[in-house]
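# Fold and geometry: a report
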Amino acid sequence: MAQEFNELLEKEKKQLTSSELESVTALLHDKEKLTETLMQHQKSILGICQSVGIDPSYGALRSFLYRTGIDQAEHILKEWTKLKNALIKSQALNKTNEAILSELMRRNKIKQQLINNVGRYGNTYGRNGETQSGQALGWVEQV
């Protein structure tokens, strides 16, 4: 599931850096569902750790598994490591996507300011034919 989340974040990154920005919103539902599911699994893992009295860390889990003599200790530890690595990758991908989105928002703000400033401070002529400069409003605001 963590790997599926990474794939979704990679897809989001590709769409953020392409011209298909509308399709990013379609991913939000899937992203929210996966996030919610991962949060539920996290609660389960934390509940198990609490019930057996260990910290939710690799070292504590390793000690517990070997102390109790569980046969599949190595397999469980490998899965734990894969999960942790996938979640670290998810965090990095999410930060990258946030940075891309922030940059897109910054660019859109600049474009909006340019549009709002069209015609701002242009020269106009009054009834008597004299030049009146320094209009207070931009073209968009005048409309």
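Structure's up top.
The structure presented is a predicted model; accordingly, all values stated were derived computationally and were not measured. (Residues numbered from 1 in each chain as written. Predicted model: local features only at pLDDT ≥ 70, side-chain atom pairs only at ≥ 80, totals over all residues. Heavy atoms only, no water.)

### Let's talk about a nonpolar patch on the surface
- Judged by side-chain polarity, Ile45, Leu83 and Leu87 come together as a nonpolar surface patch covering roughly 200 Å² of accessible area.
- Along the chain, the position of Leu83 falls in helix 4 (residues 73–116). (Patch = residues over 30% accessible without salt bridge, like charges linked within 9 Å, V, L, I, M, F, W, Y side chains within 5 Å. Areas by Shrake-Rupley, 256 points an atom, 1.4 Å probe, with all protein chains shown as cover. Salt bridge = Lys/Arg side-chain N within 4 Å of Asp/Glu carboxyl O. Helix = DSSP H or I, 4+ residues; strand = E, 2+ residues; numbered from the N terminus.)

### Re the side chain of Asn6
- Secondary-structure assignment places Asn6 in helix 1 (residues 2–16).
- A relative accessible area of 1% means that Asn6 is categorised as buried.
- Residues within four places of Asn6 in sequence aside, it is in contact with Ala86, Lys89, Ser90 and Leu93. (Buried < 20%, exposed > 50% of the residue type's maximum accessible area, 1.4 Å probe, protein only. Contact = heavy atoms within 4.5 Å.)

### Observations concerning the environment of Cys49
- With respect to the helices and strands, the residue Cys49 is situated in helix 2 (residues 22–52).
- The residues touching Cys49, leaving out its near neighbours within four places in the chain, are Ile54, Asp55 and Pro56.

### Section: the packing of helix 1 against helix 2
- Relative to each other, helix 1 and helix 2 sit at 160°, their axes nearing to 10 Å. Considering the angle they form, helix 1 stands roughly antiparallel to helix 2. Handedness of the helix 1/helix 2 crossing: left-handed. Of the residues in helix 2, those touching helix 1 at Ala2, Glu4, Phe5, Leu8, Leu9, Lys11, Glu12, Gln15 and Leu16 are Ser23, Val24, Leu27, Asp30, Lys31, Leu34, Thr35 and Leu38.
- Of the residues belonging to the contact of helix 1 with helix 2, the class tally is nine nonpolar, three polar and five charged. (Axes fitted to C-alpha atoms, helices over the stretch in contact; angles between N-to-C directions. Parallel < 35°, antiparallel > 145°, perpendicular 65-115°, else oblique. Left-handed = near helix turned anticlockwise from the far one by under 90°. Nonpolar A, V, L, I, M, F, W, Y, C, P; charged D, E, K, R; others polar.)

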